[in-house]
Amino acid sequence: MVTDPIADFLTRIRNAQMAGHRIVEIPASNLKKRMTEILYEQGYILKYKFEENTKQGIIKIALKYDPTSKQPAIRSLERVSRPGLRQYAKPSEMKRVINGLGIAIISTSKGVLTDKQAKAQNVGGEVLCYVY
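Residues numbered from 1 in each chain as written. Predicted model: local features only at pLDDT ≥ 70, side-chain atom pairs only at ≥ 80, totals over all residues. Heavy atoms only, no water.

Draft legend 1. Structural view of the side chain of Gln17. Here Gln17 lies in helix 1 (residues 5-19). Residue Gln17 is classed as buried on the basis of its relative accessible area of 10%. (Helix = DSSP H or I, 4+ residues; strand = E, 2+ residues; numbered from the N terminus. Buried < 20%, exposed > 50% of the residue type's maximum accessible area, 1.4 Å probe, protein only.)

Dropping the structure here:
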């Protein structure tokens, strides 16, 4: 049993990129599905597919690489809030990730949003991770 499913999600993507894999499979949950959609919308992954063939389901993510240098599109995936130390932020306290080049994924009362979307809707929440 995994005690921190979000950290497992990020680690699977990180490990697949370091190994040079094109596709990574991750056990599904609603939170992980929304995080995958955000990564796709922001251009960090090529495409994704949700498969509901098992009890839990599987998320298949096609990773994105630079065609010339073969470097992954995601330079860093950093877990911020963890089970032992939750990190919350108000809209006014949200830090910019790499001066606005990266994104923070935040779990708010209006769903899982990026830091820019949360600021626009003036809601705070738990800062799940930084992506750049």
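Draft legend 2. Fine view of the nonpolar core. Ranked by internal contacts, the top residues of the largest apolar core, which has 25 residues, are Phe9, Ile13, Met35, Leu39, Ile61, Ile105 and Val131. Elements with a contribution of two residues or more to this core: helix 1, strand 1 (23-27), helix 2 (30-41), strand 3 (58-63), strand 6 (103-108) and strand 8 (125-131). The leading source of residues in this core is helix 1, at five residues. Setting aside chain neighbours within four positions, we find Phe9 in contact with Ile26, Lys32, Met35, Thr36, Leu39 and Ile61. With 11 residues, the next largest nonpolar core counts Met94, Ala104, Ile106 and Leu113 among its residues. (Core = buried A, V, L, I, M, F, W, Y, C linked by side-chain atoms within 4.5 Å. Contact = heavy atoms within 4.5 Å.)

Draft legend 3. Here's a closer look at unusual backbone geometry. Phi angles above zero are rare outside glycine, and Ile98 is one such case at about 45°. Relative to the elements of secondary structure, Ile98 occurs in the loop between strand 5 (88-89) and strand 6. A residue is classified by how much of its surface remains accessible, and Ile98, at 40% relative accessible area, is partly exposed. At Asn122, a residue that is not glycine, the phi angle is positive and equals roughly 55°. Considering the arrangement of structural elements, one finds Asn122 in the loop between helix 3 (115-120) and strand 8. Judged by relative accessible area, Asn122 falls into the exposed class, the value being 58%.

Draft legend 4. Structural view of the packing of aromatic side chains. Under the criterion given, the structure shown has two aromatic pairs. With a centroid separation of 5.3 Å and an interplanar angle of 75°, the aromatic rings of Tyr40 and Tyr48 are classed as edge-to-face. Owing to a relative accessible area of 29%, Tyr48 belongs among the partly exposed residues under this scheme. Geometrically, the ring pair formed by Tyr48 and Phe50 is tilted, given 5.1 Å between the ring centres and 45° between the ring planes. A connected cluster of aromatic rings, assembled from ring pairs, spans Tyr40, Tyr48 and Phe50. We note Lys33 situated over the ring of Phe50; from NZ or CZ to the ring centre the distance is 5.4 Å. (Phe/Tyr/Trp six-rings, centres within 6.5 Å; stacked < 30°, edge-to-face > 60°. Lys NZ or Arg CZ within 6 Å of the ring centre and 35° of its normal.)

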